[in-house]
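Per-entry structural report
Here is how the chains run, residue by residue.
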Amino acid sequence: MSKIFDENLLPKATDYDSSLSDNKLSKEFDATILQLEGEREKFYKKTKGLFKRVYFRTVLVCSISFIVIGGFVNDWKYTPSSIIGPIMISFVVALIFGGIYTLVRKGTNNHKFTRILKENLVSKLVSHVNPELTYSIEGIKKEEFHKADLFVGGPKSTVRSEDKIFGTINGKYVCISECKNQGRAAATQGQTKIKVMGKTITQEKAHTDLNMGEFVDYFRGLFIEIELEGYHLTTPLKFVPRENKKVENGISFEGYVQKFINVDSDDLIDLKSDREYQAYCSDKAQAESVISERLLKIVDYIFFKYNKEGASIFENVAILNILPGIKDHKISKNVYLSIVGGRLYLALEWPVDLFETDVFLKKNLVESGIAQKIYEDLLFINRLIKEVNLLNA
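Description of the overall build of the protein
For the protein, the helix and strand inventory stands at 8 helices and 13 strands. The buried share of the protein, reckoned over its 393 residues, is 45%. For the protein, long-range pairs separated by at least 24 residues make up 75% of all intrachain contacts whose partners lie at least 6 apart in sequence. Counting every atom, the protein has about 21100 Å² of accessible surface; 54% of that belongs to carbon and sulfur.

Brief notes about the packing of helix α6 (residues 293-306) against helix α8 (residues 370-388)
A pair of packed helices is captured by two measures, namely the crossing angle of their axes and the spacing between those axes. Remark: α6 packs on α8, axes separated minimally by 10 Å, with the N-to-C direction vectors making an angle of 155°. Between α6 and α8, the crossing angle belongs to the class labelled roughly antiparallel. Within the contact between the two elements, α6 uses Ile 298, Tyr 301, Ile 302, Lys 305 and Tyr 306 and α8 uses Phe 380, Arg 383, Leu 384, Glu 387 and Val 388. Residues belonging to the contact of α6 with α8 are distributed by class as follows: 7 nonpolar, no polar and 3 charged.

Concerning the pattern of salt bridges
For the structure shown, the criterion picks out 17 salt bridges. One salt bridge in this structure joins Lys 386 and Glu 132, with 3.9 Å as the shortest N-O distance. Within this pair, whereas Lys 386 is found in helix α8, its partner Glu 132 is found in the loop between α3 (80-129) and β1 (133-138), the two being separated by 254 residues in sequence. Residue Lys 386 is classed as buried on the basis of its relative accessible area, which comes to 14%. By relative accessible area, Glu 132 is classed as partly exposed at 37%. Between Asp 149 and Lys 238 there is a salt bridge; the shortest N-O distance is 3.1 Å. Of this pair, Asp 149 sits in the loop between α4 (142-146) and β2 (158-169) while Lys 238 sits in strand β7 (residues 233-241), placing them 89 residues apart in sequence.

Section: α3
With 50 residues, α3 ought to run about 74 Å at 1.5 Å a step, and its terminal C-alpha atoms sit 70 Å apart, in line with that. In the structure, α3 departs most strongly from a straight axis at Lys 118, where the bend amounts to approximately 35°.

Describing the packing of helix α1 (residues 30-47) against α3
The N-to-C vectors of α1 and α3 enclose an angle of 175°; their axes lie 10 Å apart at closest approach. With respect to α3, the element α1 is oriented roughly antiparallel. Contact residues: α1 offers Thr 32, Leu 36, Glu 39, Arg 40, Phe 43, Lys 46 and Thr 47, while α3 offers Arg 105, Lys 106, Asn 109, Lys 112, Phe 113, Ile 116, Leu 117, Asn 120, Leu 121 and Lys 124. Here the contact of α1 with α3 is composed, by residue class, of 6 nonpolar, 4 polar and 7 charged.

Comments concerning the confidence of the model for the protein
Taken residue by residue, the protein gives an average pLDDT of 76. The fraction at 70 or more is 75%. Per-element averaging of pLDDT across the protein places strand β4 (residues 191-196) at the bottom with 38 and β1 at the top with 94. Low pLDDT, under 50, characterises residues 187-209; the predicted model gives this stretch 61 contacts beyond four residues in sequence or across chains. Low pLDDT, under 50, characterises residues 246-257; the predicted model gives this stretch 37 contacts beyond four residues in sequence or across chains.

Some remarks on the sheet that holds strand β3 (residues 172-184)
An order of β1-β2-β3-β6-β13-β12-β7-β11-β10 is seen for the 9 strands of this open sheet, with the pairing classed as antiparallel. The sheet is open, and its two edges are formed by β1 and β10 (268-269), each paired on a single side. The pairing of β3 with strand β6 (residues 215-227) spans 11 bridges and is antiparallel. Residue pairing across strands places Ser 177 opposite Phe 223, the latter belonging to β6. With respect to the sheet, α3 is in contact with β1 and β2, its orientation differing from that of β1 by roughly 165°. Relative to the sheet, α8 contacts β1, β2, β3, β6 and β13 (343-349), its axis offset from that of β6 by approximately 65°.

What counts, and at which threshold
Residues numbered from 1 in each chain as written. Predicted model: local features only at pLDDT ≥ 70, side-chain atom pairs only at ≥ 80, totals over all residues. Heavy atoms only, no water. Helix = DSSP H or I, 4+ residues; strand = E, 2+ residues; numbered from the N terminus. Buried < 20%, exposed > 50% of the residue type's maximum accessible area, 1.4 Å probe, protein only. Contact = heavy atoms within 4.5 Å. Areas by Shrake-Rupley, 256 points an atom, 1.4 Å probe, with all protein chains shown as cover. Axes fitted to C-alpha atoms, helices over the stretch in contact; angles between N-to-C directions. Parallel < 35°, antiparallel > 145°, perpendicular 65-115°, else oblique. Nonpolar A, V, L, I, M, F, W, Y, C, P; charged D, E, K, R; others polar. Salt bridge = Lys/Arg side-chain N within 4 Å of Asp/Glu carboxyl O. Expected span 1.5 Å × (residues − 1). Bend = angle between axes of the 7 residues up to and from the residue. pLDDT = per-residue confidence, 0-100. Pairing = 2+ DSSP bridges.

Laid out in structure tokens, this is it:
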């Protein structure tokens with residue numbers, strides 16, 4: 001696909017990152033990081049060697065209990081088997097119980113420490129990066145996510161959300177959070193036509209091999225909501241990656257339908273040019289009244305920067321056996337936009353949890369650079385919010 005985007009045509013964002021240009025975390029947070037390392041060390045010591053302690057204590061308690069119970073039942077008459085048997089059973093019980101208890105305890109401690117990290121470091125870093133923004137551990141409500149009407153699950157699907165960053169920029173509300181949308185797969189399956197060296201092959205279930213009723217992820221990533229000025233659509237206007245995906249090495253996928261995107265082919269809007277995305281709206285007259293060259297330039301920019309074609313469409317496709325090496329192509333992130341009412345919703349696939357860490361780090365918080373990574377993630381989020389908010393510039 002030819003590149004149609006010209007960055008020089010894009011409205012310029014204000015110089016909001018001038019004081020953060022070196023991308024290095026300020027030393028003013030060193031004391032907070034050291035304090036958090038002390039907390040991490042406490043949690044680490046509580047669980048270090050936990051399995052051994054639980055295992056041997058369980059063996060001891062169970063062995064004594066089983067032997068006493070056996071003696072009571074057999075009038076306190078013991079034989080070698082009546083002693084060895086309970087001890088062997090105790091080893092098995094201790095192995096199962098110790099393993100489960102240790103996993104639960106480690107997970108609980110890890111969750112507690114992550115919460116402390118977010119409350120004491122992430123919240124401060126958000127305000128440092130952009131004083132207009134606020135951090136909350138809690139995510140957005142399910143109803144807010146479904147207003148975008150981007151994914152097929154609808155209101156009946158589950159939405160898990162956390163790490164909400166929100167505020168008001170230039171008088172308009174903005175919000176970004178991590179979201180995971182899940183639901184049951186439908187029985188219908190699409191087809192993809194694959195062209196290899198001029199030969200067309202029809203591949204069933206090219207994107208993923210789903211069974212009816214299987215619990216699947218419709219979306220996992222960052223979800224942005226921005227209040228817009230001058231947009232009041234009663235019907236959602238959606239911008240999603242193109243169905244026709246062309247790749248290198250002589251392979252092209254034609255008619256590839258992304259299974260979980262809630263669009264109808266009858267609602268396709270003619271954008272008059274070849275772009276990386278397609279627009280859909282059931283009320284075409286209303287959609288065409290708001291689709292301007294300026295809007296398309298900004299959508300062009302968002303897709304040009306954040307939506308990179310990758311190899312996710314190659315999963316479970318037999319053609320991989322013909323062209324080895326295609327597996328090495330990195331899987332892309334997809335971008336989905338929706339304008340509903342006076343709000344813009346943007347869903348950016350992001351498979352990695354933000355602001356998460358592990359109590360059981362090989363290195364401490366300082367040496368592992370966790371704080372610096374969180375800071376860089378926040379710089380990215382701040383820039384993403386600002387760039388999407390160009391619609392209000």
